[in-house]
Structures are given as structure tokens and as C-alpha cells.
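Given next are the chains, with one letter for each unit.
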Amino acid sequence: MRMAVVGLFAGMALAFAGYFGGFGAFLLVAALGAVGFVAGRFLDGDLDPGEFFRPRDRGR
């Protein structure tokens, strides 16, 4: 199983406690699932964290 999928499940499992809270809990599950998915992509090596912090070349 890929690390992105594991991260997705981990984020959703952490947010499962908020399930009984209604729509706010739904948003919490979705947000933590997305964070877990992105963290898993970093661990897989599919995303480079330096890409988010490098300035873009403008006009080149």
C-alpha cells in the first residue's frame, strides 16, 4: 500500500472522533484526510517540499 493511501487513512482515522459532530465534523474529516494524503505523498517522494518555497522566475 502506498504511503499516500496510508496517510489518507491515518488522517481520516484521527478525525473519526469528530464524526458525531455534524457538518463541522465532516469538514474536519475531509481536511485531516487531505493533510494525511499530502504527507503521504511527501513520504513517497512524489512531492518536493522545496518547490513550495522557491521563488518563481518571472519574465524568463
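Scroll up to find the structure this text is about.
As the structure is a prediction and not an experimental result, all values here were calculated from the model.

**With respect to the overall build of the protein**
- Secondary structure assignment for the protein yields two helices and zero strands.
- Here the protein holds 60 residues, and the buried ones make up 17% of them.
- In the protein, 47% of the contacts between residues at least 6 apart in sequence involve partners at least 24 apart.
- With the model as given, the accessible surface of the protein reaches about 4,900 Å², and the carbon-plus-sulfur share is 67%.

**What about the environment of Gly-40?**
- Its location among the elements puts Gly-40 in helix α2 (residues 23–44).
- The class for Gly-40 is buried, based on a relative accessible area of 2%.
- Considering only alpha carbons, one finds Gly-40 and Gly-7, 33 residues apart in sequence, at a separation of 4.8 Å.
- Once residues within four sequence positions are removed from consideration, Gly-40 is found in contact with Met-3 and Ala-4.

**Some points on a nonpolar patch on the surface**
- A cluster of nonpolar side chains, Met-3, Val-6 and Leu-43, forms an exposed patch at the surface whose accessible area comes to about 260 Å².
- For Val-6, the location among the structural elements is in helix α1 (residues 3–15).

**Regarding α2**
- Its 22 residues place the ends of α2 31 Å apart at the C-alpha level, agreeing with the 32 Å of an ideal helix rising 1.5 Å per residue.
- Positive phi appears at Gly-45, one or two residues downstream of α2, with a value of about 90°.

Definitions and limits used
Residues numbered from 1 in each chain as written. Predicted model: local features only at pLDDT ≥ 70, side-chain atom pairs only at ≥ 80, totals over all residues. Heavy atoms only, no water. Helix = DSSP H or I, 4+ residues; strand = E, 2+ residues; numbered from the N terminus. Buried < 20%, exposed > 50% of the residue type's maximum accessible area, 1.4 Å probe, protein only. Contact = heavy atoms within 4.5 Å. Areas by Shrake-Rupley, 256 points an atom, 1.4 Å probe, with all protein chains shown as cover. Patch = residues over 30% accessible without salt bridge, like charges linked within 9 Å, V, L, I, M, F, W, Y side chains within 5 Å. Salt bridge = Lys/Arg side-chain N within 4 Å of Asp/Glu carboxyl O. Expected span 1.5 Å × (residues − 1).

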